[in-house]
Amino acid sequence: MRLFLAEKPSLARAIAEALPGAKQHRRGHILCGEADVVAWCAGHILELAPPDAYDPAYKRWSLGDLPIIPSAWRLNASAPDLLKNIKSLLPRARTVVHAGDPDREGQLLIDEVLEFLGYRGPVDRLLVSDLNPAAVRKALSDMRPNERYRGLYEAGLARQRADWLYGINLTRLYTLLGRAGGYDGVLSVGRVQTPVLGLIVRRDREIAAFQPRAYHVVRAEVRCEAGSFATTWQPSGGAGVVVDDAGRLISRDHALALKSRVEGRPAVVVRCSREKKGETAPLPYSLPELQVDAGRRCGLSPKQTLDAAQALYETHRLLTYPRSDCSYLPEAHHGEAPAVLAALASNLPGLATHMQAADRSRRSRAWSDKKITAHHALVPTVVKRPLAGLSAVEQRVYELVALRYLAQ
């Protein structure tokens, strides 16, 4: 049989739907016809063992034991039932299909399971970035040898072990030094968390130390035959004009003197120009950009936005994979534009006229294979579904992504 190992249950279900044959659901896997089985993990089902797994003496924190550097790394099962299920299926597999996410973490997640269970048979790589059946079937027709992605696995492994070494050793070091100085607690150190915390603290201190300084703006309303228009005086920093480092006028006396000099006086327009400019369509959303825009436009928190996007992806199949830092789309994806726009016209009747008027042949700068990272930008799928069953937050997030796609 051919055994597919998916990173998560939602991906496993999408792969099973795209495979031929009758489906039989079992605990931890799905039988697809006579030849295929789809099993799944739930993220990382293996984790690096703690220090005391290497030596019981490491249970007691001591400066003399640092640094702790394992000579042979050990893993523990964080989801024993899932691991046991995969272990029972592997002996019957003539081929394994690696269906982790197409990034280093997804590569590591499945490869480490195969390494841990001692599998040495052939492995193909399935790269799925969209759970729609058509996209999954297309990916199934374009599988590659998993060995091509060995470097990605090793990069994930290096990241995992570096995090362990950095976090375990420095947390123990800082905590023990803190206790020697009278601090009774754990000082947690992490490769990512500590620099981020440093940025937050630095910014917090800047805000606390901020000293407000007044500046002055001189504005005038100029009346003419056609009506009126507003003007703002721009400080030039010439003789007698005191400005701050941002070029703003800080002399109140100068502002008042300027006001008295021009108030009620005739003005002459010495130059007038008009320029017509076009604006390039903003790129499709990455997750961070969507979270910023949803916060600005809808008052949503980053977590609310992520949860809504995740539900639109996994449950409703209305959006592509959301956890992406990329704002570009594969060039081949442009061929799906008519189907995507048709789905949007159906799902968002209020925008149907705009969807129908869109130029489907237009290719914005968004479509570029060279700029695709592990995942492409968030865009709507071709699924047609009434939005009445969605929450208000999910509907708003879907509309934002739809409008950004329409702009292309």
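This write-up is about the structure you can find in this document.

The rules behind the values
- Residues numbered from 1 in each chain as written.
- Predicted model: local features only at pLDDT ≥ 70, side-chain atom pairs only at ≥ 80, totals over all residues.
- Heavy atoms only, no water.
- Salt bridge = Lys/Arg side-chain N within 4 Å of Asp/Glu carboxyl O.
- Helix = DSSP H or I, 4+ residues; strand = E, 2+ residues; numbered from the N terminus.
- Buried < 20%, exposed > 50% of the residue type's maximum accessible area, 1.4 Å probe, protein only.
- Phe/Tyr/Trp six-rings, centres within 6.5 Å; stacked < 30°, edge-to-face > 60°.
- Lys NZ or Arg CZ within 6 Å of the ring centre and 35° of its normal.
- Axes fitted to C-alpha atoms, helices over the stretch in contact; angles between N-to-C directions.
- Parallel < 35°, antiparallel > 145°, perpendicular 65-115°, else oblique.
- Contact = heavy atoms within 4.5 Å.
- Nonpolar A, V, L, I, M, F, W, Y, C, P; charged D, E, K, R; others polar.
- Polar contact = N/O pair within 3.5 Å; in protein donor to acceptor, adjacent residues only side chain to side chain.
- Arc of directions from axis to C-beta.
- Pairing = 2+ DSSP bridges.
- Core = buried A, V, L, I, M, F, W, Y, C linked by side-chain atoms within 4.5 Å.
- Expected span 1.5 Å × (residues − 1).

### A word on the pattern of salt bridges
For step 1, the next point in the chain: On inspection of all chains with the given rule, the structure shows 17 salt bridges.
For step 2, the next point in the chain: Residue Asp 101 is joined to Lys 8 by a salt bridge in which the shortest nitrogen-to-oxygen separation is 3.3 Å. Here Lys 8 lies in the loop between β1 (2–6) and α1 (9–18) and Asp 101 lies in the loop between β7 (95–99) and α3 (104–116), a separation of 93 residues in the sequence. There is no split in this pair, since Asp 101 and Lys 8 are both buried.

### Remarks on the packing of aromatic side chains
For step 1, the next point in the chain: Summed over all chains, the structure comprises three aromatic pairs.
For step 2, the next point in the chain: Geometrically, the ring pair formed by Trp 73 and Trp 164 is edge-to-face, given 5.3 Å between the ring centres and 85° between the ring planes. Placement of Trp 73 in the loop between β5 (46–48) and β6 (75–77) and of Trp 164 in helix α5 (residues 150–180) is noted, with a sequence separation of 91 residues between them.
For step 3, the next point in the chain: Classification of Trp 73 as partly exposed rests on a relative accessible area of 23%.
For step 4, the next point in the chain: Taking the centre distance of 5.5 Å and the plane angle of 85° together, the rings of Tyr 313 and Tyr 321 count as edge-to-face. The two residues Tyr 313 and Tyr 321 agree in class, both being buried.
For step 5, the next point in the chain: The rings of Tyr 54, Trp 73 and Trp 164 are connected pair by pair, giving a single aromatic cluster.
For step 6, the next point in the chain: The side chain of Arg 248 reaches across the aromatic face of Tyr 215, ending 4.3 Å from its centre.
For step 7, the next point in the chain: Over the aromatic face of Tyr 285 sits the side chain of Arg 404, whose NZ or CZ is 4.0 Å from the ring centroid.

### Some remarks on the packing of helix α9 (residues 302–314) against helix α12 (residues 392–406)
For step 1, the next point in the chain: Where α9 meets α12, the closest approach of the two axes is 9 Å, and the angle between their N-to-C directions is 80°. Between α9 and α12, the interaxial angle falls into the category roughly perpendicular. Seen from α9, the contacting residues are Gln 304, Thr 305, Ala 308, Ala 311 and Leu 312; seen from α12, they are Val 393, Glu 394, Val 397 and Tyr 398.
For step 2, the next point in the chain: Among the residues forming the contact of α9 with α12, the class breakdown is six nonpolar, two polar and one charged.

### Remarks on the side chain of His 29
For step 1, the next point in the chain: Inspection of the secondary structure assignment puts His 29 in strand β3 (residues 29–32).
For step 2, the next point in the chain: There is a polar contact of 3.0 Å between the side chain of His 29 and the side chain of Asn 85.
For step 3, the next point in the chain: Each residue touching His 29, except ones within four places of it in the same chain, is listed here: Gln 24, Val 37, Val 38, Ala 39, Trp 40, Asn 85 and Leu 89.

### Some details on the side chain of Asp 293
For step 1, the next point in the chain: Its location among the elements puts Asp 293 in helix α8 (residues 287–298).
For step 2, the next point in the chain: Of the polar contacts made by the side chain of Asp 293, one reaches the side chain of Arg 296; its length is 2.4 Å.

### Description of helix α2 (residues 80–89)
For step 1, the next point in the chain: Residues of α2 that are buried include every one of Leu 82, Leu 83, Asn 85, Ile 86 and Leu 89, and no others. With its buried residues spanning 160° around the axis, α2 presents them on a single face. Opposite the buried face of α2, at more than 90 degrees from it, the exposed residues are Pro 80, Asp 81, Lys 84 and Lys 87.
For step 2, the next point in the chain: On its buried side, α2 packs onto β1, β3, β4 (36–40), β5, β6 and α3.

### Notes on unusual backbone geometry
For step 1, the next point in the chain: Here the amide bond leading from Leu 66 into Pro 67 is cis, since omega sits at 0°, within 30 degrees of zero.
For step 2, the next point in the chain: The topology assignment puts Pro 67 in the loop between β5 and β6.
For step 3, the next point in the chain: Its identity as a non-glycine residue notwithstanding, Arg 317 has a phi of 60°, on the positive side.
For step 4, the next point in the chain: Along the polypeptide, Arg 317 turns up in the loop between α9 and α10 (337–347).

### So, the sheet that holds β7
For step 1, the next point in the chain: Strand order in the open sheet formed by seven strands is β2-β3-β4-β1-β7-β8-β9, and the pairing between neighbours is mixed. A single partner strand is all that each edge strand has here, and the edge strands are β2 (23–26) and β9 (144–145).
For step 2, the next point in the chain: Looking at chain direction, strand β8 (residues 123–125) and β9 are connected through two bridges and run antiparallel. Paired with Arg 125 across the two strands is Arg 144, which belongs to β9.
For step 3, the next point in the chain: α1 contacts β1, β2, β3, β4 and β7 of the sheet and is inclined by roughly 165° relative to β4.

### Digging into the nonpolar core
For soluble globular proteins, nonpolar side chains are generally found buried alongside one another.
For step 1, the next point in the chain: Core analysis: the largest hydrophobic core is formed by 45 residues, its most contacted members being Leu 3, Ile 15, Val 96 and Leu 126.
For step 2, the next point in the chain: Of all the secondary-structure elements, those providing two or more residues to this core are β1, α1, β3, β4, α2, β7, α3 and α4 (133–140).
For step 3, the next point in the chain: Apart from the residues within four sequence positions on either side, Ile 15 is in contact with Phe 4, Ala 6, Val 38, Ala 99, Leu 126 and Val 136.
For step 4, the next point in the chain: Judged by nonpolar contacts, the second largest core, of 36 residues, contains Leu 283, Leu 329, Trp 367 and Val 401.

### With respect to α5
For step 1, the next point in the chain: Helix length check: α5, at 31 residues, gives a terminal C-alpha distance of 45 Å against a target of 45 Å (1.5 Å per residue), a fit within 8%.
For step 2, the next point in the chain: One or two positions beyond α5, positive phi appears at Gly 182, with a value near 100°.

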